[in-house]
Amino acid sequence: MDFTNLLATEVQTFISQNIDSDINKLLLKRSPFQNVTIQEIVQQIKGKKVAKRKFSFLLSENIIFPPNLNLEQSSSQSTAEYKAKDLKGKSFLDLTSGFGIDAYFLSQNFEKVTLVEQNPELIKIVEHNWKTLNRNADFINQNLETFLEDNQGKFDVVYLDPARRDQNNKKKFLLEDLSPNLLEIEEQLNSISDKIFVKLSPLIDISYLLSELQNINEIKIIAVRNEVKELVLIIENKPSTANQQPTTISCVNLESDEPEFSFYINEEKSATSEFSESLNFLYIPNNSILKAGAFNIISEKFGLKKLHSNTHFYTSEHKIENFPGRILEVEKIDGKDLKKNDQFNIISKNYPLKPDEIKKKYKLRDGGKRYLIFTQSINGKEILRSV
């Protein structure tokens, strides 16, 4: 694949000058260049827009961007950098390179890097970009199954991100429905590395994973600005004589000032919560904690009381710092205390009415700096207002 025409100075200048142009209007125009179509130009503009919000390190000169699907399926720079933390060794293998964002960061402290990708156009784009950024790797255009059959080497770390959509573009979540099928290649993966990273959908069930796969050392639940983006398994092969530690669950909310929270899976099973009506401070765990199901261990470790068995809100008389979530100082109020056109951010949890229904009933406006929480404690329904 030749990128010469697309990388010509006048074409790159035109792309930069039109970064904020209306894409649809551009597509209706003819290309000002004989050897580059307007569709190719628009794709590069789209790529730069995505890079600005997802992976700013690619906002360099002479970077080529692939089609939209490859861009959207790529990890963000912040999640890739988090996964790469403390990772180093001699050899790194990415079996599902895609656009290469994860590999770029995860492999930066390895001596030898191998990227495998079955899409020939995509691997050429990745190879071009890495060389532009002065990064070295072996770029292999091959499907994963063939590579594993032919491979004779061993790697310190193997990474893969199985495709989670079928031929009809429908989302799939079970391990056997992914491409590749993890259950089918588990032995092959274990034979070439003692440490395997697997990126999965944030919707996949954790207990299901633990029942289906062996030697899961850690499960990372990665949220960005309180939206769970991905779930990463770290599978480690250890000698049968080694002490088998319970699986660690690590929860993080990136691009926030909230601390990471980790626990052993068996700790949640043995932890218990005390219950209370709402006190002076309300604690709302971030979504990585909720995805982990850390409903009792979070209460136990921070010395908090839970409002209700089905309300994953917590409370305390005095403020507890470094909680992985939102902390609000609150007061109980009656619905009659609310005035027409009062403005609040409305939260409803374990309460009969949804936020829109609450707004309509009390004639409230949405937004502002104050919070209004409709919930339930062991004493019944409560309305809380942030102080």
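Refer to the structure printed above.
Report on the accompanying structure. Bear in mind the structure is a predicted one, so any value in this text is a computation, not a measurement.

What follows covers the overall build of the chain. Of the regular secondary structure elements, the chain holds 14 helices and 16 strands. C-alpha atoms of the chain, sized along the principal axes, occupy 70 × 65 × 35 Å. Counting over 387 residues, the chain shows a buried share of 50%. A sequence separation of at least 24 residues applies to 63% of the contacts in the chain between residues at least 6 apart. When the accessible surface of the chain is split by element, carbon and sulfur atoms take 43% of a total near 20,100 Å². Charge separation in the chain, taken as the distance between the mean sites of 51 positive and 54 negative side-chain charges, equals 8 Å.

Attention now moves to the sheet that holds strand β8 (residues 248-254). The 9 strands lie next to each other as β3-β2-β1-β4-β5-β7-β6-β8-β9, forming an open sheet whose pairing is mixed. Strands with a single pairing partner mark the edges of an open sheet, and in this sheet they are β3 (138-141) and β9 (261-264). Along the sheet, successive strands turn relative to each other by an average axial angle of 15°, direction set aside. Pairing geometry for strand β1 (residues 89-94) and strand β2 (residues 110-117), over 5 bridges, is parallel. When the sheet's bridge partners are listed, G89 is paired in β2 with F110.

Nonpolar side chains tend to gather and get buried jointly when the protein is soluble and globular. Of all hydrophobic cores here, the largest spans 54 residues; its most connected members are F55, L58, F99, L115 and W130. Non-local contacts of L115, meaning those with residues more than four positions away in its chain, are made with D94, S97, A103, I123, V126, W130, A137, D138, F139 and I140.

The 7 strands lie next to each other as β11-β12-β10-β13-β16-β15-β14, forming an open sheet whose pairing is mixed. Looking at strand neighbours, the two that pair on one side only are β11 (305-308) and β14 (343-348), the edges of this open sheet. In this sheet, adjacent strand axes meet at a mean angle of 40° when their direction is disregarded. Bridging between β11 and strand β12 (residues 311-316) involves 3 bridges; their strand directions are antiparallel. When the sheet's bridge partners are listed, K305 is paired in β12 with T315. Each of β14, β15 (365-377) and β16 (380-386) is contacted by helix α14 (residues 355-362), which is oriented at about 135° to β14, the strand it contacts most.

Before going further, it helps to examine a negative patch on the surface. Taken together, the side chains of E145, E149, D150 and E184 make up a negatively charged region of the molecular surface. With 3 residues, the top contributor of residues to the negative patch is helix α8 (residues 144-150). Within the secondary structure, D150 sits in helix α8. For D150, a relative accessible area of 47% corresponds to the partly exposed category.

A few words now on helix α7 (residues 120-132). Note: α-helices contain 3.6 residues per turn, so residues at a spacing of three or four share the same orientation. Compared with the 18 Å implied by 1.5 Å per residue over 13 residues, the 18 Å span of α7 between its first and last C-alpha is a close match. On its buried face, α7 is in contact with α4 (68-73), α6 (101-106), β2 and β3. Measuring from the backbone nitrogen of E121 back to the side-chain oxygen at the start of α7 gives 3.0 Å, which picks out N119 as the cap. Immediately downstream of α7, the backbone of N134 shows phi near 60°, a positive value.

Quick look at the pairing of strand β5 (residues 195-200) now. Counting buried positions over the 6 residues of β5 gives 5, a clear majority of the element. The pairing of strand β4 (residues 157-160) with β5 spans 3 bridges and is classified as parallel. Within β5, the residue paired with L160 across the bridge is V198. As paired strands, β5 and strand β7 (residues 227-236) are joined by 6 bridges and run antiparallel to one another. Pairing of L200 across the sheet is with L231, part of β7.

With that settled, consider the side chain of T96. Here T96 is to be found in the loop between β1 and α6. Here the side chain of T96 touches D161 through a polar contact of 2.6 Å, landing on its backbone nitrogen. Once residues within four sequence positions are removed from consideration, T96 is found in contact with V116, E117, L144, Y159, L160 and D161.

Summarising the element assignment, F344 is placed in strand β14. Residue class for F344 comes out buried when judged on its relative accessible area of 0%. As for F344 and S386, which are separated by 42 residues in sequence, their C-alpha atoms are 9.3 Å apart. Not counting chain neighbours up to four residues away, the residues in contact with F344 comprise L338, L364, R365, D366, G367, R370, Y371, L372 and R385.

For the rest of this paragraph, the subject is the packing of aromatic side chains. Counted under the stated rule, the structure contains 15 aromatic pairs. Relative to F139, the ring of W130 has its centre 5.9 Å away and its plane inclined at 90°; by these criteria the two rings are edge-to-face. Each member of the pair W130 and F139 is classed as buried. A ring pair is formed by Y283 and F323, whose centres lie 5.3 Å apart and whose planes are at 65°; its orientation type is edge-to-face. Of this pair, Y283 sits in strand β10 (residues 281-285) while F323 sits in the loop between β12 and β13 (325-333); the two residues are 40 residues apart in sequence, bridging distant segments of the chain.

Below, the discussion takes up helix α3 (residues 38-54). Taking 1.5 Å as the rise per residue, α3 with 17 residues should run 24 Å; its terminal C-alpha atoms sit 24 Å apart, in good agreement. All buried positions along α3 are accounted for by I38, I41, V42, Q43, Q44, I45, G47, K48, V50, A51 and K54. If you follow the buried residues of α3, they end up packed against α1 (9-17), α2 (23-27), α4 and α5 (77-83).

About the criteria used
- Residues numbered from 1 in each chain as written.
- Predicted model: local features only at pLDDT ≥ 70, side-chain atom pairs only at ≥ 80, totals over all residues.
- Heavy atoms only, no water.
- Helix = DSSP H or I, 4+ residues; strand = E, 2+ residues; numbered from the N terminus.
- Buried < 20%, exposed > 50% of the residue type's maximum accessible area, 1.4 Å probe, protein only.
- Contact = heavy atoms within 4.5 Å.
- Areas by Shrake-Rupley, 256 points an atom, 1.4 Å probe, with all protein chains shown as cover.
- Lys, Arg positive; Asp, Glu negative; His and termini not counted.
- Charge placed at Lys NZ, Arg CZ, Asp CG, Glu CD.
- Pairing = 2+ DSSP bridges.
- Axes fitted to C-alpha atoms, helices over the stretch in contact; angles between N-to-C directions.
- Core = buried A, V, L, I, M, F, W, Y, C linked by side-chain atoms within 4.5 Å.
- Patch = residues over 30% accessible without salt bridge, like charges linked within 9 Å, V, L, I, M, F, W, Y side chains within 5 Å.
- Salt bridge = Lys/Arg side-chain N within 4 Å of Asp/Glu carboxyl O.
- Expected span 1.5 Å × (residues − 1).
- Polar contact = N/O pair within 3.5 Å; in protein donor to acceptor, adjacent residues only side chain to side chain.
- Phe/Tyr/Trp six-rings, centres within 6.5 Å; stacked < 30°, edge-to-face > 60°.

Just geometry here; none of it tells us what the structure is for.
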